[in-house]
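Geometric and topological summary
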Amino acid sequence: MSRSIRLDAVLVQAVIAGALSFAHLHDLAEAAGQTGWKAWAYPVSVDLLLVAAWRRMRDQQRAQLPSGGARLWFLVALGASLGANVATAGLLDLDDVPASLRIVVAGWPAVAFFGGTLLAHTPHGQDAPPASASTTPDLDEEPAAPAEIDAPRLDELPAPPITATPVISLPPALVDRVRALAEELRTATGHPADPDTVRARLGLPPSMTPAVAAHLTPTGA
């Protein structure tokens, strides 16, 4: 109940303030030479521009869009309404209005039409939602399950290639010495010569054992 009373009080206050401002604008327009229905159209034009600029400014602020244009026309309409209220408070002789004020009143329709046209072509806040809205996930949608990837079994993995250790070739003179020493060892022991023994007798490094052994086999003889 208290909320209804508060809303009604605000509404009554708005109606009273609007009626007074409306009457002041009418009186000023009539004093500036706008008679008949034209004097009544001026307060309607000012108040409509004021309300339209205010609503557009609020829509753009909610949508996080620049609202400088709407704020400018709101201040223009507010200045026209406030100026009429002050001018009719006894500070201006309505029977002898200055020529500059007559020019301002006569030029107001063009200014109001231009401002209303710009406000009508300004993008609405509903047409351009905030950038964060496009990146907000929908809580009602379940996240898609990740695709299952079959891991390869260990026995299905290809075996690494086996590379044979290259045999270092021996110069012909060293080959003859290897074979002669091997023959001596075979004669002395009665067994085929061991490649490590032959290599050690010749003072060769251990890496040369495969090369020595290659020349001790029947294929290498």
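Source: prediction; values computed, not measured. (Residues numbered from 1 in each chain as written. Predicted model: local features only at pLDDT ≥ 70, side-chain atom pairs only at ≥ 80, totals over all residues. Heavy atoms only, no water.)

**Notes on the overall build of the protein chain**
Tallying secondary structure elements over the protein chain gives eight helices and zero strands in all. Along the protein chain, from the amino end to the carboxyl end, the secondary structure elements read α-α-α-α-α-α-α-α. In the protein chain, buried positions account for 25% of the 221 residues. Look at the contacts in the protein chain between residues 6 or more apart in sequence, and 61% of them connect residues 24 or more apart. Only carbon and sulfur atoms are counted for the fraction: they give 64% of the accessible area of the protein chain, which is about 15,800 Å². (Helix = DSSP H or I, 4+ residues; strand = E, 2+ residues; numbered from the N terminus. Buried < 20%, exposed > 50% of the residue type's maximum accessible area, 1.4 Å probe, protein only. Contact = heavy atoms within 4.5 Å. Areas by Shrake-Rupley, 256 points an atom, 1.4 Å probe, with all protein chains shown as cover.)

**Notes on the packing of aromatic side chains**
Taken as a whole and assessed by the stated rule, the structure comprises three aromatic pairs. When the ring of W54 is compared with that of F74, the centres are 5.5 Å apart and the planes differ by 45°; the resulting orientation is tilted. Of this pair, W54 sits in helix α2 (residues 37–62) while F74 sits in helix α3 (residues 68–91); the two residues are 20 residues apart in sequence, bridging distant segments of the chain. Taking relative accessible area as the criterion, W54 reaches 39% and is therefore assigned partly exposed. Of the residues examined, F74 reaches a relative accessible area of 17% and is grouped as buried. A centroid spacing of 5.9 Å and a plane angle of 70° characterise the contact between W73 and F114, whose relative ring orientation is edge-to-face. Of this pair, W73 sits in helix α3 while F114 sits in helix α4 (residues 99–120); the two residues are 41 residues apart in sequence, bridging distant segments of the chain. (Phe/Tyr/Trp six-rings, centres within 6.5 Å; stacked < 30°, edge-to-face > 60°.)

**Notes on the environment of A77**
Along the chain, A77 falls in helix α3. Sequence separation of A77 and A53 is 24 residues, and the distance between their C-alpha atoms is 8.5 Å. If we skip the residues at most four places from it in the chain, A77 touches V46, L49, L50 and W108.

**Here's the deal with the environment of W108**
Position of W108 among the secondary structure elements: in helix α4. Residues W108 and V46 lie 62 residues apart in sequence; the distance between their C-alpha atoms is 8.8 Å. Setting aside residues up to four positions removed in sequence, W108 forms contacts with Y42, S45, V46, L49, V76, A77 and A80. A distance of 3.1 Å separates the side chain of W108 from the side chain of S45, its partner in a polar contact. (Polar contact = N/O pair within 3.5 Å; in protein donor to acceptor, adjacent residues only side chain to side chain.)

**Concerning the side chain of S67**
Position of S67 among the secondary structure elements: in the loop between α2 and α3. The buried category is assigned to S67, whose relative accessible area is 7%. Dropping the residues within four chain positions of it, S67 is found in contact with M57, Q60 and Q61.

**With respect to helix α6 (residues 172–189)**
Counted at 1.5 Å a residue, the expected span for α6 with its 18 residues is 26 Å, and the 26 Å between its end C-alpha atoms agrees. For α6, the complete set of buried residues consists of L174, V175, V178, L181, A182 and L185. Mapping the buried residues of α6 onto a view down its axis gives an arc of 135°, with all of them on the same face. Seen from the open side of α6, the exposed residues pointing more than 90 degrees away from its buried face are P172, A173, R177, E184 and T187. Those residues of α6 that are buried are in contact with α7 (195–201) and α8 (209–214). Just past α6, the residue G190 takes up positive phi, approximately 80°. (Expected span 1.5 Å × (residues − 1). Arc of directions from axis to C-beta.)

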